[in-house]
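Descriptive analysis of the structure
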Amino acid sequence: LMQLSIPLNFIGFIYREVRQGLTDIEQMFDLLDVEQEVTDKPGAKPLVIERGTVRFDNVMFAYDPKRPILKGVSFEVPAGKTVAIVGPSGAGKSTLSRLLYRFYDIQGGSISIDGQDIRDVTQESLRAVIGMVPQDTVLFNDTIAYNVRYGRITATEEEVRNAADLAQIGSFIKSLPEGYDAMVGERGLKLSGGEKQRVAIARTILKAPPILILDEATSALDSATEHEIQASLDLVSRDRTTLVIAHRLSTIIGADEIIVLKDGVIAERGRHAALLAENGLYASMWNRQREATEAEERLRKVREED
Ligand code: ATP
């Protein structure tokens, strides 16, 4: 029986490993699901990146032909600058980031990087130059070290640790009983939204892409966490062409340009102070958010006094 139980154990081990692998692959496919919709043009060349200027030119897009989402959107993110997209829920903000990553092809207009239409270059070369910090990061059923290293598989242990420190997740990892070897994901440690986002930031620091897409989480983070995340985001976006999909307006006060998207078109654009002075949609969104934050603060103080 002994002789038999060892191989059975071994088979169990292999089975678990394979299952684990499959779960990762499933997650990968979930992540890349939409990718099947676009393919490289015959003879597509790799993108030649110069300074990383991003242009949306009269972009039209619909997931469903009966319901247009973008009806002619034009803007530029000059190399090294930060442009923030704001607007009501469902306006198409996250869609813009998916289009730049070419998860979908547009139906009109063009999107280009350094003058090259993203449909004319290989997807691989396009995605190599873009770092994406999404709203919700997919973690693999593996160690936290693996999850950070995913940004650049060839990174050394020291580079992984440095990136984690810069993303302000290093001390959290070190506080875990198993440190960098702690398992995360479905059957491991569950990370909070803020922790997952910091893992994504650490990955992006390792990848060091010339172009960055930051898709802010809609879920409310407590203000200390938000502050920390903001500090690490500011650090990664410095001197990189950055497109921020912003839900909290407080995070984009310093953006080089703010674009207010509404009903598929750009309703307003400019810098924070100028938009406030315009007293339009942006100003009303800003006032509403400020009131909500103040109400939360008052509620918190009352609770603390009790
Ligand atoms: P929020 O601030 O709530 O995140 P958003 O401005 O980022 O909103 P998008 O996620 O870009 O909005 O979605 C724009 C519209 O497109 C929404 O009405 C949404 O329902 C629709 N949409 C998004 N993804 C898909 C999809 N895969 N298939 C069909 N419709 C979609």
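Residues numbered from 1 in each chain as written. Predicted model: local features only at pLDDT ≥ 70, side-chain atom pairs only at ≥ 80, totals over all residues. Heavy atoms only, no water.

**What about the packing of aromatic side chains?**
Note the cut-off: Stacked, edge-to-face and tilted labels apply to pairs of Phe, Tyr and Trp rings (six-membered ring for Trp) whose centres lie within 6.5 Å, assigned for plane angles under 30 degrees, over 60, and everything in between, in that order. Starting at the N terminus, helices and strands are each numbered in turn, a helix being any DSSP run of H or I of at least four residues and a strand any DSSP run of E of at least two. Using a 1.4 Å probe on the protein chains alone, a residue whose accessible area is under 20% of its type maximum counts as buried, one over 50% counts as exposed, and one in between counts as partly exposed.
Scanning the model with the defined rule gives 8 aromatic pairs in all. Ring centres of F140 and Y150 lie 4.6 Å apart, and the angle between their planes is 55°; this geometry places the pair in the tilted category. You can see F140 sitting in the loop between β6 (130–133) and β7 (142–143) and its partner Y150 sitting in the loop between α4 (144–149) and α5 (157–166), a full 10 residues away along the chain. Taking relative accessible area as the criterion, Y150 reaches 29% and is therefore assigned partly exposed. Members of the aromatic cluster, connected to one another through ring pairs, are F61, Y63 and Y104.

**A few points about unusual backbone geometry**
At N58, a position not held by glycine, the phi torsion is positive, near 50°. Along the polypeptide, N58 turns up in strand β1 (residues 54–61). N58 sits in the partly exposed class, given a relative accessible area of 39%. One non-glycine residue, D114, lies in positive phi territory at about 45°. Position of D114 relative to the elements: it lies in the loop between β4 (108–113) and β5 (116–117). By relative accessible area, which is 15% here, D114 ends up buried.

**Details of the site of the ligand**
Using the following cut-off: Working definition: residue near molecule or strand if any one of its non-hydrogen atoms lies within 4 Å of it. A 3.5 Å cut-off defines polar contacts: any pair of N or O atoms within that distance qualifies, except that in protein one atom must be a possible hydrogen donor and the other a possible acceptor, and neighbouring residues in sequence count only when both atoms are side-chain atoms. Every accessible area reported is derived by Shrake-Rupley at a probe size of 1.4 Å, with residue values counting cover from the shown protein chains alone. Gly is put with the polar residues, along with every residue not named as nonpolar or charged; the nonpolar set is Ala, Val, Leu, Ile, Met, Phe, Trp, Tyr, Cys and Pro, and the charged set is Asp, Glu, Lys and Arg.
Of all residues adjacent to the ligand, which total 15 residues, the nearest are S89, G90, K93, S94 and T95. Taking G92, its main chain carries an N or O atom lying 2.9 Å from an oxygen atom of the ligand. Surface burial for the ligand is 66%, taken as the share of its 640 Å² of free accessible area covered by protein chains. Its residues assigned to classes, the shell around the ligand shows 5 nonpolar, 7 polar and 3 charged.

**Examining helix α7 (residues 193–207)**
Condition: Given a helix with a known number of residues, its expected span is that number minus one, times 1.5 Å.
With 15 residues, α7 ought to run about 21 Å at 1.5 Å a step, and its terminal C-alpha atoms sit 21 Å apart, in line with that. Counted residue by residue, α7 has 12 buried out of 15 residues, so it is predominantly covered. For α7, the complete set of buried residues consists of G194, E195, Q197, R198, V199, A200, I201, A202, R203, T204, I205 and L206. One or two steps after α7, the chain reaches A208, where phi turns positive at roughly 45°.

**Considerations on the sheet that holds strand β10 (residues 241–245)**
Heads up, the condition is: For two strands to pair, DSSP has to find at least two bridges joining them. For helices, the fitted axis covers only the stretch in contact; all axes are lines through C-alpha atoms, and the angles between them, taken along N-to-C directions, range from 0 to 180 degrees. Residues are treated as being in contact if the distance between any of their heavy atoms lies within 4.5 Å.
Within the open sheet, the 6 strands sit side by side as β6-β9-β10-β3-β11-β12. Their pairing is mixed. Edge positions in the open sheet fall to β6 and β12 (265–270), since each of these has one partner strand only. Neighbour to neighbour, the strand axes of the sheet diverge by 20° on average, direction disregarded. Against the sheet, helix α2 (residues 93–100) engages β3 (82–86), β6, β9 (211–215), β10 and β11 (257–262), with an angle of about 150° to β9. The sheet strands contacting α7 are β6 and β9, and the helix crosses β6 at an angle near 170°.

**Some points on the sheet that holds strand β2 (residues 70–77)**
One open sheet holds the 4 strands; their spatial order is β2-β1-β4-β5, and the pairing between them is antiparallel. Edge positions in the sheet fall to β2 and β5, since each of these pairs with one other strand and no more. For β4 and β5, the ladder comprises 2 bridges, and the chain directions are antiparallel. Directly across from I113, in β5, lies its bridge partner Q116.

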